[in-house]
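Commentary on secondary and tertiary structure
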Number of protein chains: 2
Amino acid sequence: MESADTCSLSIINERNETMLAIESLSVGQYGFIGNAFSFGLAVMASTTLFLWLMKSQVAPAYQMAITISGLVTAIAAYHYLQIMLSWDNAATVNTGQVLVTGEGFNRAYRYVDWLLTVPLLLIELILVMKLSNSETLSRSVKLGGAAALMIVLGYPGEVAESAGTRAIFWVLSMIPFLYIVRELVVGLKESISKQPDAVKGLIKGAAYLVIASWAFYPVVYLLPLLGISGGAAIVAVETGYTIADIVAKAVFGLLIFTIAMRKSVADAEEAAKQPKAAKQTI
Amino acid sequence: MESADTCSLSIINERNETMLAIESLSVGQYGFIGNAFSFGLAVMASTTLFLWLMKSQVAPAYQMAITISGLVTAIAAYHYLQIMLSWDNAATVNTGQVLVTGEGFNRAYRYVDWLLTVPLLLIELILVMKLSNSETLSRSVKLGGAAALMIVLGYPGEVAESAGTRAIFWVLSMIPFLYIVRELVVGLKESISKQPDAVKGLIKGAAYLVIASWAFYPVVYLLPLLGISGGAAIVAVETGYTIADIVAKAVFGLLIFTIAMRKSVADAEEAAKQPKAAKQTI
C-alpha cells in the first residue's frame, strides 16, 4: 500500500505517539491506572476464591457452572497481573514525571484474556440453566464459537495502524456480536420460560447483563477513530475496560452463583414433593 | 483556579514535602514501618488460612460468613504485600541514611483495599446473624453501599493538595459513616434481640468493634490538617493504620468465627428439641 520507507516511518510515528501518550499522563493519572489494574486483579482473584470455596453449597448439577465461573475470574486475575506488570514496566516515575522506558505497554493481554473467557461466560449461563444434554452442547458450540470469532475478528483492527482497517474489523466483529445478542434475547426465550419461577427473572437479568456490559467494548474500540486521545482519554479507556471486565466477569459470576443456589433449593423442594424420586436425583 | 505556573509549583512543593517526609525518617523509623507492613501481611494471611481451614466446622448456614471473613483478610494480605513492596521501592538505605528513589510511596493501595473490604465486613456481620433473605439483602445493600460511598468520598480529600478540599471531603465522608453507626446501634437492635442468648453479647460486641476500630481512620485523616508531620508522625500514621486494619479485619473475623461456632451449636440444640423437623432443616 505504501513504500517500505513511509511504512516504517509510520510505525515509528505510531510507536512514538503511544509512548508520548503514556508520557502525557500526569504522575497521578499514571498511578490511578496502575491502581485500577491492581483493583481488577484483587476483584477477580477474590471472586474466584469465593466461587470455588462456596461451590460445595450448590447441588452437583450446578457445580460445573460455578467451577467455570471461577475459572473465568481466575484467568482474568492472571491477565490483570500481567497487565499491571506491563504497565509498571512501560514507565518509571521520577521526581514528579512519568518517563517511558521504551518497553511499551502490552495491550494484547486483554485479547488473549477475552479469547478464553468470553466463550466461557456464555457457557456458564447455559450450564446454570440445566437444559437437555443435546441443547447444552449445541448452544455452547454456537454461542461459544460466535464469541471466539468476535474476539479473533476484533484483534487485527486493534493493532492496525490505519483507521480504515480498524473500522473494517469493527464491522466484521460486530456480526458475531449481534448474532450473540439475538441468540440471548430470542433464542433462549423458550428455554428461559421453562426455568423455575424463583430464577426466571435472574436468568433474564444475567442475559441482559452480558449484552449491556459487552456493549461497552465496541464503543471503546471506536474512540481512536474519533480522535479522542491524551491523558484523560487513556484514563477513561483503561479504567472503563476494567470496570466493564469486573461487571461482565465478577458481577456476572456472582449472579450465576445466586441462580445456582436458588435452583438447588427449588430442585430440592420439587424432589421433596415426589418422595421416592427425591433420593435418586440428589 | 490558579495559573498553570503556580499550580505546577504547588505540585512540586507537595511532592517534595512527601519525599522529604520519607527522607526525614531515621533508618530505624523507616525499617520499623516496613516491619509493621510485613507484620500486617503475616496477620492477614494467617487469619485467612485459619478461617478457610476451619470453615467446615461451622454449620452450612454460616459458611458464607466465614468464607467472606477469610476473603476480607485475603484481600488485605494482598494489599499489605503491595504496600510493603511500594515502601521498599520508595527509598533505599545507604550508610545510615534513608534516600528516596523518586518513585514515591503509593498510599492509594489502602483506599483500593478499603473499597473492597469495608462493605464486605458489614456483610459478614449481617450473614452471621442469619436474618430472613429479604432483610439480609436490604441490609447488605444499605450498609455495604454506605460503606463504599464513605471510601469513595474520602479518596479525593486524601490526594488533594489543599487543606480546604481535605476538610470538605472529610465532612462528606463522615455522613455515610454516621449513618452506618446509627444503623449498627439502632437499626440492628431488634434483630440482635432475636439472636440466641449464647451470642447476643458477642454480636453486639462485633457491632461496637466495627464502630470503635473505624473511628480511628477519620482521626488519622485529619492529622495533616493539624500540621502534624515529620518522622514520628509518619510512624504513628502508618503503624496506626496497620493496627486499626488488624483489629477491624482479623480480630473482627475471628469474632465472627466464634459467633458462627456458637450459633451452630445453638441451632443443633434447638433442632434436637424438635426431632422430626431437625433432619429436614439441616
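Residues numbered from 1 in each chain as written. Chains lettered and ligands numbered in written order. Predicted model: local features only at pLDDT ≥ 70, side-chain atom pairs only at ≥ 80, totals over all residues. Heavy atoms only, no water.

A closer look at the overall build of chain A
Filter applied, for reference: Under the DSSP-based scheme used, a helix requires at least four consecutive residues in state H or I and a strand at least two consecutive residues in state E, with every element numbered from the N terminus. Using a 1.4 Å probe on the protein chains alone, a residue whose accessible area is under 20% of its type maximum counts as buried, one over 50% counts as exposed, and one in between counts as partly exposed.
What chain A contains, in helices and strands, is 11 helices and 2 strands. Listing the helices and strands of chain A from first to last along the sequence gives α-α-α-β-β-α-α-α-α-α-α-α-α. In terms of overall dimensions, chain A has a C-alpha envelope of 75 × 45 × 25 Å along the principal axes. The buried share of chain A, taken over its 282 residues, is 45%.

Quick word on the interface of chain A and chain B
For clarity, the cut-off: Contacts: residue pairs with any heavy atoms within 4.5 Å of one another. Accessible area, probed at 1.4 Å, shrinks when two parts are joined; the buried area is that loss added up over both. Only one rule defines a salt bridge in this text: a Lys or Arg side-chain nitrogen within 4 Å of an Asp or Glu carboxyl oxygen. Polar contacts, as used here, are pairs of N or O atoms within 3.5 Å; protein pairs need one atom able to donate a hydrogen and one able to accept it. Residues neighboring in sequence count only if both atoms are side-chain atoms.
Taken together, the contacts link 19 residues of chain A with 24 residues of chain B. Carbon and sulfur atoms supply 67% of the area that chain A and chain B bury against each other, a total of about 1700 Å² over both sides. In terms of surface lost to chain B, no three residues of chain A exceed A:N35, A:F39 and A:L53, which account for 29% of the buried area on that side. In this structure, the connection of chain A to chain B is made through 0 salt bridges. At the surface where chain A touches chain B, the tally comes to 4 residue pairs in polar contact (both at pLDDT 80 or more). Among the secondary structure elements, those contributing two or more residues to the side of chain A that touches chain B are α2 (27–54) and β1 (91–94) of chain A.

A closer look at the environment of B:A260
All names here are of chain B. Along the chain, A260 falls in helix α10 (residues 231–273). The class for A260 is buried, based on a relative accessible area of 0%. When the C-alpha positions of A260 and N94 are compared, they lie 50 Å apart, and in sequence the two are 166 residues distant. What A260 contacts, discounting residues up to four positions off in sequence, is V58, Y62, I66 and V128.

Section: the relation of the copies chain A and chain B
Worth spelling out the cut-off: Copies are brought into register by a least-squares superposition over C-alpha atoms of residues with pLDDT of at least 70 in both.
With an RMSD of 0.1 Å, the fit of chain A onto chain B corresponds to turning through 73 degrees and sliding 0.2 Å along the axis. Seen this way, the second copy is the image of the first under a five-fold rotation axis.

As for unusual backbone geometry
Residue and element names in this part refer to chain B. Of note, the phi angle at T95 is positive, near 40 degrees, even though the residue is not glycine. Locating T95 in the fold gives a position in the loop between β1 (91–94) and β2 (97–100). In the Ramachandran plot, K130 falls in the positive-phi region, its phi being about 50 degrees despite a non-glycine side chain. Here K130 shows up in the loop between α4 (108–129) and α5 (133–159). Here K130 falls in the partly exposed class, since its relative accessible area comes to 44%.

Observations concerning the pairing of β2(B)
We apply this condition: Here the rule is simple: two strands pair whenever DSSP picks up at least two bridges between them.
Bridge analysis of β1(B) against β2(B) gives 4 bridges, and the strand direction is antiparallel. The residue bridging B:V93 from the neighbouring strand is B:V98, located in β2(B).

Some words on the packing of aromatic side chains
Residues and elements named next belong to chain A. Rule in force here: Any pair of Phe, Tyr and Trp rings, taking the six-membered ring for Trp, is counted once the centres come within 6.5 Å. Such a pair is stacked with planes under 30 degrees apart, edge-to-face with planes over 60 apart, and tilted for the rest. The criterion is that NZ of a Lys, or CZ of an Arg, lies within 6 Å of the ring centre and within 35 degrees of the ring normal, and then a charge sits over that ring.
By the definition in use, this model includes 24 aromatic pairs over all chains. Between W114 and Y217, the aromatic rings sit 5.1 Å apart at their centres with planes inclined by 75 degrees, giving edge-to-face as the arrangement. Pair noted here: W114 is in helix α4 (residues 108–128) and Y217 is in helix α9 (residues 216–222), with a separation of 103 residues, a long-range link. We classify Y217 as buried; its relative accessible area is 14%. By way of ring pairs, the aromatic residues Y111, W114, Y155, F216, Y217 and Y241 are connected into one cluster. Sitting over the ring of Y221, R166 keeps its end group 4.7 Å from the ring centre.

Observations concerning the side chain of B:S213
Residue and element names in this part refer to chain B. Examined against the element boundaries, S213 turns out to sit in helix α8 (residues 197–214). In this structure the side chain of S213 is engaged in a polar contact, spanning 2.8 Å, whose partner is the backbone oxygen of L209. Residues in contact with S213, not counting those within four places in the same chain, are A244, V247 and A248.

Digging into the packing of helix α3 (residues 63–90) of chain A against helix α10 (residues 231–273) of chain A
All names here are of chain A. For the record, the criterion: Think of each axis as a best-fit line through the C-alpha atoms, taken over the contacting stretch in the case of a helix, with angles from 0 to 180 degrees between the N-to-C directions. Here the angle decides the label: under 35 degrees means roughly parallel, over 145 means roughly antiparallel, 65 to 115 means roughly perpendicular, and every other value means oblique. Handedness of a helix crossing follows the sense of rotation of the near helix relative to the far helix, less than a right angle counterclockwise being left-handed and clockwise being right-handed.
Remark: α3 packs on α10, axes separated minimally by 9 Å, with the N-to-C direction vectors making an angle of 160 degrees. When the interaxial angle is binned, α3 and α10 end up roughly antiparallel. Crossing geometry of α3 relative to α10 is assigned as left-handed. Residues A65, I66, S69, V72, T73, A76, Y80 and W87 of α3 form the contact with α10, whose participating residues are I234, Y241, T242, D245, K249, A250, G253, I256, F257 and A260.

Remarks on the nonpolar core
Definition in use: Joining through side-chain atoms within 4.5 Å is the link that ties buried Ala, Val, Leu, Ile, Met, Phe, Trp, Tyr and Cys residues into a set, and such a set is a nonpolar core.
Judged by nonpolar contacts, the single largest core of 138 residues is most densely connected at A:L184, A:W214 and B:W214. Of all the elements, α10(A) adds the most residues to this core, at 14 residues. In this structure A:W214 touches A:V118, A:L121, A:L122, A:M150, A:F177, A:I180 and A:A248, once residues within four positions along its chain are discounted. Core analysis: the next-biggest nonpolar cluster, separate from the first, contains 24 residues, B:A77, B:W87, B:I234 and B:I246 among them.

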